Amino acid sequence: MAAANSAETTEKIEACMKVWIKQIEQVLAESDQLRKEADDLGPRAELDHWKKRMSRFNYLLDQLKTPDVSAVLGVLLLAKSKLIKSWRELDIRITDAANEAKDNVKYLYSLERFCDPLYNSDPVSMVDAIPALINAIKMIHSISRYYNTSEKITSLFVKVTNQMITSCKAYITNNGSNSIWDQPQQVVTDKIKAAIRLNQEYQRCFHKTKEQLEQTPSQRKFDISEMYIFGKFDTFQRRLNKILEMFDTITTYSALQDSKIEGLETIATRFQAIVMNLKKKHYSFLDHRRTDFDVDYEEFCKSTSELHKQLRTFMENTFDEIQNTEKALNVLEKFERLGIRDLGIDERYQHILQNYGRDLEMVSSIYAKQKLDPPIGRNMPPVAGRIMWARQLYSRIQRPMDLFKKHEGVLSTKEAKMIIRNFNRVARTLLEYEILYHHNWMTKMEYARAGLKALLLVRSSVTGQLVVNLDPEILTQIRETDCMKRMNLEIPPFAAQLQQKQNILKQNYDKLQ
């Protein structure tokens, strides 16, 4: 009371309180400022922040209860100082801030075990923990006194997203020990797909929970920015998709290296140079904030597009030099086995099919001109020679047709139907030709028996000398039988006997000579 009644003492004590008020206002102002945080912090950082804040305000509250502060406050109350009003307002604010921090820490502690999988699991097993995590955040949003604002819940979700992305990067790179190029491509592909699925499941569970809240009037709604929460993960996913597209392109064009197509080595080497140039980049391909990747990705796409054009040109030039339909189909099949899209394989099949239609006309014309006196192979008997000639013509049209049948869709067009009808006509004609000559030979074979019933020796009407009377037709029919058997054609019983006895007949002929 003595101090309160002293103007000089009161003035000094007020000066002391003004310093305290200024210090407390500074602490509160710093607490109210927008938090400056790294953009990749996880949810544990949120708990650490509120623990530090609770500790700070609790310490401040403890200081306000000390004897010195009580004495100063008592003097100024008796002196009815104007500072008391400001002090009380600050006291309320400090108490409220301390309560807020304490309440938030309590709820964030309850959330901690649901966040542990974000730090301890890979994206594959992390998926199973998402529903419980989102449900826990929903409960905090619903019942917490302080931690129920859109800003705080959004900030928490953003940190969950950050940690998911961090864990995905660690999973893909084996905790930073390997790049995406140091591991088998399929292994990295599977990891990337797991990360993409995590984002999809994360958003699916969020939307499911949000819809449930909207359908329940008594529940507090998720009035938060989805773009702010998921935008970073979506950006990361777009980066992952680009990497998958790169892998797909590399896998596709790697087939060039193993191809046996003559002349393709240059293009294969060029593609290897494109890939090596990409692998030499020193930045992390998983850092979705690095714009260098986007520039290099565009360059990679441009280079592979130009390479593809060169490949198509090479393919067209290759077929321009091939006149034989069967050879063209065999080469086209090699190009098809490359598995590279948009090479114009279907169009090339149709083009070869049109050429094949002209081949059918040519074979039909050859048959019409030569069927009565076909070119017979050297040392071939007449009937077997004709059948072999017909079979060669048939083979020229049958082998390409067999290759066409393997490629689905080639023979389904209107033009193909006409070619098929023409093929059937020519093939039927050639088969009938073979059947006719084979049947006539089977019949004629019986007449050869008469040759074995003739006299063994006869006297020449010109020289008067004895000659061995072996009918040349017998030897011809033996050769015919050998050829027919090699062509898997039926031979009559007498022909089989002749073939079995041919050595005996020839020995007897030599002895008689």
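Refer to the structure above for everything that follows.
From a predicted model like this one, the values you see are computed outputs, not experimental measurements.

Caption draft 1: Structural detail: the packing of helix 16 (residues 414–445) against helix 18 (residues 472–486). It is at 12 Å that the axes of helix 16 and helix 18 come closest, and there the two elements cross at 140°. Put simply, helix 16 runs oblique to helix 18. When the axes of helix 16 and helix 18 are compared, the crossing they make is left-handed. Side by side, helix 16 and helix 18 meet where His438, Trp441, Lys444 and Met445 of the first sit next to Glu473, Gln477, Glu480, Thr481 and Met484 of the second.

Caption draft 2: Highlighting the environment of Asn508. Mapped onto the secondary structure, Asn508 falls in helix 19 (residues 493–512). Counting along the chain gives 289 residues from Asn508 to Gln219, while the straight-line C-alpha distance between them is 115 Å.

Caption draft 3: Here's a closer look at the environment of Asn330. Checked against the element boundaries, Asn330 lands in helix 13 (residues 325–337). Along the sequence, Asn330 and Pro400 sit 70 residues apart, while their C-alpha atoms lie 9.1 Å from each other.

Caption draft 4: Broad picture of the pattern of salt bridges. Considering all chains together, one arrives at 19 salt bridges under this definition. Several salt bridges share partner residues, and in doing so they unite Arg53, Glu100 and Lys152 into one network.

Caption draft 5: Spotlight on the packing of aromatic side chains. Taken as a whole and assessed by the stated rule, the structure comprises 19 aromatic pairs. Ring centres of Trp50 and Tyr147 lie 6.5 Å apart, and the angle between their planes is 75°; on these two criteria the pair is classed as edge-to-face. Taken together, the positions of Trp50 in helix 3 (residues 43–64) and Tyr147 in the loop between helix 7 (130–143) and helix 8 (150–172) put the pair 97 residues apart, joining distant regions of the chain. Taking the centre distance of 5.3 Å and the plane angle of 40° together, the rings of Tyr253 and Phe271 count as tilted. Placement of Tyr253 in helix 10 (residues 226–258) and of Phe271 in helix 11 (residues 265–279) is noted, with a sequence separation of 18 residues between them.

Caption draft 6: View of a nonpolar patch on the surface. Taken together, the side chains of Leu456, Leu457, Leu466 and Leu512 present a nonpolar region at the surface, about 380 Å² in accessible area. Here Leu456 lies in the loop between helix 17 (449–452) and strand 1 (457–459).

Caption draft 7: Structural detail: helix 3. In a regular helix each residue adds 1.5 Å, so 22 residues correspond to 32 Å; helix 3 covers 32 Å between its end C-alpha atoms and thus fits that length. If you follow the buried residues of helix 3, they end up packed against helix 2 (7–32), helix 4 (67–78), helix 5 (83–120) and helix 8.

Caption draft 8: Up close: the environment of Phe206. Relative to the helices and strands, Phe206 resides in helix 9 (residues 185–214). When its relative accessible area of 0% is taken as the criterion, Phe206 is described as buried. Not counting chain neighbours up to four residues away, the residues in contact with Phe206 comprise Ile134, Phe157, Phe222, Ile224, Glu226, Ile229 and Phe230.

Caption draft 9: Main features of the nonpolar core. Phe157, Tyr202 and Leu256 are the most contacted members of the largest nonpolar core, which has 103 residues in total. Tallying contributions element by element places helix 10 first for this core, with 12 residues. The contacts of Leu256, once residues within four sequence positions are left out, are Leu264, Ile267, Ala268, Leu307, Leu311, Leu338 and Ile340. Core analysis: the next-biggest nonpolar cluster, separate from the first, contains 22 residues, Met17, Ile21, Leu76 and Leu83 among them.

Caption draft 10: Broad picture of the side chain of Arg53. With respect to the helices and strands, Arg53 occurs in helix 3. Arg53 gets classed as buried once you look at its relative accessible area, which sits at 13%. For Arg53, the contacting residues outside a window of four places in its chain are Ser31, Asp32, Glu100 and Ala101.

Caption draft 11: Fine view of helix 19. With 20 residues, helix 19 extends 27 Å from end C-alpha to end C-alpha; this agrees with the ideal 28 Å at 1.5 Å per step. Taking the largest bend as the criterion, helix 19 deviates by roughly 55°, centred on Lys501. For helix 19, every residue scored as buried is listed here: Phe494, Ala495, Leu498, Gln499 and Gln502. Turning to helix 19, the residues buried within the fold contact helix 16, helix 17 and helix 18.

Reading guide: rules and limits
- Residues numbered from 1 in each chain as written.
- Predicted model: local features only at pLDDT ≥ 70, side-chain atom pairs only at ≥ 80, totals over all residues.
- Heavy atoms only, no water.
- Axes fitted to C-alpha atoms, helices over the stretch in contact; angles between N-to-C directions.
- Helix = DSSP H or I, 4+ residues; strand = E, 2+ residues; numbered from the N terminus.
- Parallel < 35°, antiparallel > 145°, perpendicular 65-115°, else oblique.
- Left-handed = near helix turned anticlockwise from the far one by under 90°.
- Contact = heavy atoms within 4.5 Å.
- Salt bridge = Lys/Arg side-chain N within 4 Å of Asp/Glu carboxyl O.
- Phe/Tyr/Trp six-rings, centres within 6.5 Å; stacked < 30°, edge-to-face > 60°.
- Patch = residues over 30% accessible without salt bridge, like charges linked within 9 Å, V, L, I, M, F, W, Y side chains within 5 Å.
- Areas by Shrake-Rupley, 256 points an atom, 1.4 Å probe, with all protein chains shown as cover.
- Expected span 1.5 Å × (residues − 1).
- Buried < 20%, exposed > 50% of the residue type's maximum accessible area, 1.4 Å probe, protein only.
- Core = buried A, V, L, I, M, F, W, Y, C linked by side-chain atoms within 4.5 Å.
- Bend = angle between axes of the 7 residues up to and from the residue.

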